[in-house]
Amino acid sequence: ARIRISSALSIRAGRCCMRPDSRKYLYDIQTACRKLEGFTRNRSLEDYLADEMLRSAIERQFEIIGEALSQLYRNDSNLAGSIPDAGGSLHFAIS
């Protein structure tokens, strides 16, 4: 079983201006997703379950994503609303 996580962020076109804080939150989300990809590359579910440090690192990145999304909604709800599934739960697949 492999853990797959996508860092693809899709933002609708048409925004001419973005608040500086919004850029930081998007950067934080993108950075956390890239770290998740690196942490989970070539790792199995068994690796995840057996390695407390790996679990902690992965969980921390999800916390960062969640907090950044929360702040983005608070500061720029239109932009946050343009991120697919941002209002729902975070999803990741184990295959």
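Anything mentioned here points back to the structure above.
Parameters and conventions
- Residues numbered from 1 in each chain as written.
- Predicted model: local features only at pLDDT ≥ 70, side-chain atom pairs only at ≥ 80, totals over all residues.
- Heavy atoms only, no water.
- Helix = DSSP H or I, 4+ residues; strand = E, 2+ residues; numbered from the N terminus.
- Buried < 20%, exposed > 50% of the residue type's maximum accessible area, 1.4 Å probe, protein only.
- Contact = heavy atoms within 4.5 Å.
- Areas by Shrake-Rupley, 256 points an atom, 1.4 Å probe, with all protein chains shown as cover.
- Core = buried A, V, L, I, M, F, W, Y, C linked by side-chain atoms within 4.5 Å.
- Expected span 1.5 Å × (residues − 1).
- Polar contact = N/O pair within 3.5 Å; in protein donor to acceptor, adjacent residues only side chain to side chain.

A.B. asks: Quick question: what am I supposed to make of the overall build of the protein chain here?
C.D. replies: From N to C terminus, the protein chain includes four helices and two strands. Overall, the protein chain shows an N-to-C arrangement of helices and strands of β-α-α-α-α-β. Across the 95 residues in the protein chain, those meeting the buried criterion constitute 29%. Summarising the internal contacts of the protein chain: among those between residues at least 6 apart in sequence, 71% fall at separations of at least 24. When the accessible surface of the protein chain is totalled, it reaches about 6,300 Å², and 49% of it is carbon and sulfur.

A.B. asks: Would you take a moment to explain the nonpolar core for this structure?
C.D. replies: In summary, soluble globular proteins display a tendency toward joint burial of nonpolar side chains. The biggest cluster of nonpolar side chains holds 17 residues, and the ones touching the most others in it are Ile-29, Ile-58, Ile-65 and Leu-72. Sorting the residues of this core by element identifies helix 1 (20–40), helix 3 (52–75) and helix 4 (77–81) as the ones contributing at least two each. The dominant element in this core, judged by the number of residues it contributes, is helix 3, at seven residues.

A.B. asks: Help me understand helix 3, please; the structure alone is not making it clear to me.
C.D. replies: The first and last C-alpha atoms of helix 3 sit 34 Å apart over 24 residues, in line with the 34 Å expected at 1.5 Å per residue. Among the residues of helix 3, those classed as buried are Leu-54, Ile-58, Gln-61, Phe-62, Ile-65, Ala-68, Leu-69, Gln-71 and Leu-72. Among the structural elements, helix 1, helix 2 (45–50) and helix 4 are those in contact with the buried residues of helix 3. Among the residues of helix 3, the N-terminal cap falls to Asp-51, whose side-chain oxygen and the backbone nitrogen of Met-53 are separated by 3.0 Å.

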